[in-house]
Every structure is written in structure tokens, then in C-alpha cells.
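# Examining the three-dimensional arrangement
Residues per chain, in single letters:
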Amino acid sequence: MLNRNSILIFFCLLAVTCSSPVWAQESKLLEVPIYIDNEPFITKYIMRDGHLLVPALFLKHTGVKMNWNETYQSVVFTHKDIQFALPVGKDYLEDYGRATGMWRRKSLSTKTLEFNGETFVPLIDVVKKFGMDVVYDSKREKTFIKTNIPPAPNPVSKGDESKKQVALTFDDGPDEYYTAKILDILKQKNAPATFFVMGKQIEQFPEMMKRIVKEGHGIANHTYNHPALPTVMSETLVEEVRSTQKEMIRTVGRMPDLFRPPYGALTKSDRIVLSEMGLRTVMWSVDTIDWSGQSAEEILSIVRRDISPGGIILQHNFQSEARLLDGTVEALPQIIDELRAQGYQFVTVQTLLEHE
């Protein structure tokens, strides 16, 4: 049961005093963990008129969709039949009635604010509007939100562990340097892989994209511009995915149902949106950290340590003037030879997950 006073007292104490203009210290906004469906998420916050405001994008962790209306300078929240807009600088929301097609104004506890380019919204007003439960545990000094929104299927990080199969995956391409070298090795070793491609890279290097498909490798969606998805609006996520799907269809005539988020970063809302688009989200079980310039031996050491049946190995094939992926190219033949010697079969992610 919501105990508004207890929650507000707690956050006031954290902010030292509710009357202090916390936002005056631009680089020192305080942070606090808020538990959403029992998982902690750290967020910046502002206290205004005794009320807690959090970045609007933080609410994506609850599972609701969030977009921006430029015309009315409003942040718009949506889940199923509930939709409402919070105009910046106003102490009211506009509630949309689907039956009437009309917007109805309702009061908020405090104004929606813009600070350092971010929109901050009153947390309790928003979550209550969606019928979420908010509880402040005074003994643990923690705030808990129960969203009552079912999650989407969990991302996949491994295949069938009863089969000694493994999938090589390469993110961020295609490019004209590393992709060519990787494809040469895969062809020589007769080893299929899966390329999680970016739309803008397909557009820049269409012939390399065609070669990937022609030589029998799997392809999957990795967005168009590689944004960190928790930092973008829901409609931006949809456009990133769709534009990449269209680029794949235009270039190679295929539209896969596999997706990997940049940086492996997703909110509950992002997962729901991707599921609604018919996409399966794929992560990894072996992270070679090759993007950081790891040597071949360091990459091999990680693979040897972390590999197991059904494993998905994460590597990259982006353009790099600093030659950060030289270790990836050097290690790849040895990875294939060593794992085959252990009885592993190399397959695409599509094959690895065909019975999922």
C-alpha cells in the first residue's frame, strides 16, 4: 500500500533539505536506488515542492513506452489502453480517452521539469496512473515499485546445453577491412558465423553484406546507428530496428527475427517493444572484450575459460583506425581449431536456437 509521506520524507532526507535547489549544482544531482519488481535501478532525482522527480526515461524500466511530442513539448507515456502526456513546465497531465478520442487535463503534484536536456517527471504520479504499487520500506530505507506489467521473454544467451554446438557472432559491421579478413578465415575453415549488422553499415558496404549472405552466414539486426537503447524513446527504438530490417531486405532480400542491443543494454520497455515486433533478443555467453584491443592470446584465454555447449561467442568487425580488432583476426583460426578439437560444431545462431 502506498505510503506517500514516508517516501517523500525519505527522499527529502537524502536531498538534505527539500527546500534546497538541488539542481543548482548541475554536476552533482544526487542518485538513489529504486527497486522495480525487486530489481534495483540507480537514478538521478530532483526534489521539488516536497515531491520526487526522476528522468522520464527511467520509467522505461517499469515496462511503459515513452515518447516525445515536439509540438506540445510533452513526454508521452503509454501502456495498453492508458496514454497520457506531461507538458514540460506544467503542473498537469493530458489524459487521452480512447473511447472519446479526446484529451482531458488532470492536475499533478508538481510541475514536470527540464534540466540539462532531460525531462524530469513526478515519479509517484506517473506510476500510480498506471496502477503500479509503491511502497517505502522504512526499516530497509528502500522504495519498491511493483509494476503489475508482465515482462517480455528473457534474452537468449545460450543454446541447447546438451549439444556440443557453438555460435561465433560478430557485431557492428559490415566494414571493408575486418569483415573481409574474418570472412576469408571462416571460408578457409568452413565455419559458419552470425553477423549482427548495423543499417548504416549495410548502406555503406552493401557488397560486403552480400558476401556475408552468399557465403552462408547468418545475419541479425543490431540497430541502424548503435544507440544505447535505455537512453532513447520507444519510437526511436522502433525506427532503428525497422530501418535496419528495410536495409537488409533491400540489399540481400532477408529480414531476420534476431536482434542484439548495442552494449547489451535493454530496459523492460525495450524488451516488450522488441517482442511485439516479433524479434528474439540474443545476447552471449562468452564476451571476448575484443573491442578494447585485446591481444589474440587474451581473447583465446577468455574463450577457453568460458566456453561450454550451446555457447555464443561475442566478437566484433567494426572499422578501426587504431586496429583494435587485430587480435580478433589473429585469434579466430585458433578458436575454430581448438574448439573443433574438443568436439564442438560451429553453427549459426539461427541453427543454435532452432528448437527454442
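Residues numbered from 1 in each chain as written. Predicted model: local features only at pLDDT ≥ 70, side-chain atom pairs only at ≥ 80, totals over all residues. Heavy atoms only, no water.

### Considerations on the sheet that holds strand β4 (residues 51-55)
In spatial order, the strands read β3-β4-β11-β10; together these four strands make up an open sheet with antiparallel pairing. With one partner strand each, in any of the chains shown, β3 (46-48) and β10 (113-115) form the two edges of the open sheet. With direction set aside, neighbouring strand axes in the sheet form an average angle of 35°. Sheet topology note: the β4/strand β11 (residues 118-122) ladder contains three bridges and is antiparallel. Its bridge partner being in β11, V54 is matched across the sheet by V121. (Pairing = 2+ DSSP bridges. Helix = DSSP H or I, 4+ residues; strand = E, 2+ residues; numbered from the N terminus. Axes fitted to C-alpha atoms, helices over the stretch in contact; angles between N-to-C directions.)

### Let's talk about unusual backbone geometry
With an omega of 0°, the peptide bond running from G173 to P174 counts as cis. Checked against the element boundaries, P174 lands in the loop between β14 (165-171) and α3 (178-189). Backbone geometry at N190 places phi at a positive 55°, although glycine is not the residue there. Tracing the backbone shows N190 in the loop between α3 and β15 (194-197). Backbone geometry at T223 places phi at a positive 75°, although glycine is not the residue there. Among the structural elements, T223 can be located in the loop between β16 (218-221) and α6 (234-252).

### Looking at the packing of α3 against helix α5 (residues 206-214)
Two elements in contact, α3 and α5, have axes whose closest approach is 11 Å; the angle formed by their N-to-C orientations is 15°. By the angle between their axes, α3 is roughly parallel relative to α5. Our pair here, α3 against α5, has a crossing hand that is left-handed. Taken together, the residues of α5 that come into contact with α3 (itself represented by T179, A180, L183 and D184) are M208, R211 and I212. Class assignment of the residues belonging to the contact of α3 with α5 gives a composition of four nonpolar, one polar and two charged. (Parallel < 35°, antiparallel > 145°, perpendicular 65-115°, else oblique. Left-handed = near helix turned anticlockwise from the far one by under 90°. Contact = heavy atoms within 4.5 Å. Nonpolar A, V, L, I, M, F, W, Y, C, P; charged D, E, K, R; others polar.)

### Here's the deal with the packing of aromatic side chains
For any two aromatic rings, the description comes down to two numbers: the centre-to-centre distance and the angle of the planes. Enumeration over the complete set of coordinates arrives at seven aromatic pairs. Consider the rings of Y35 and F144, whose centres lie 4.9 Å apart with planes at 35°: the pair is tilted. Of the two residues, Y35 sits in strand β1 (residues 31-36) while F144 sits in strand β13 (residues 142-146), which places them 109 residues apart along the sequence. Of the residues examined, Y35 reaches a relative accessible area of 15% and is grouped as buried. A relative accessible area of 15% means that F144 is categorised as buried. These aromatic residues form a ring-pair network of at least three members: F77, F84 and F130. Geometry around Y92 places R105 over its ring, the cationic atom sitting 3.9 Å from the centre. One cation-aromatic arrangement involves K164 over Y344; the distance from NZ or CZ to the ring centre is 5.0 Å. (Phe/Tyr/Trp six-rings, centres within 6.5 Å; stacked < 30°, edge-to-face > 60°. Buried < 20%, exposed > 50% of the residue type's maximum accessible area, 1.4 Å probe, protein only. Lys NZ or Arg CZ within 6 Å of the ring centre and 35° of its normal.)

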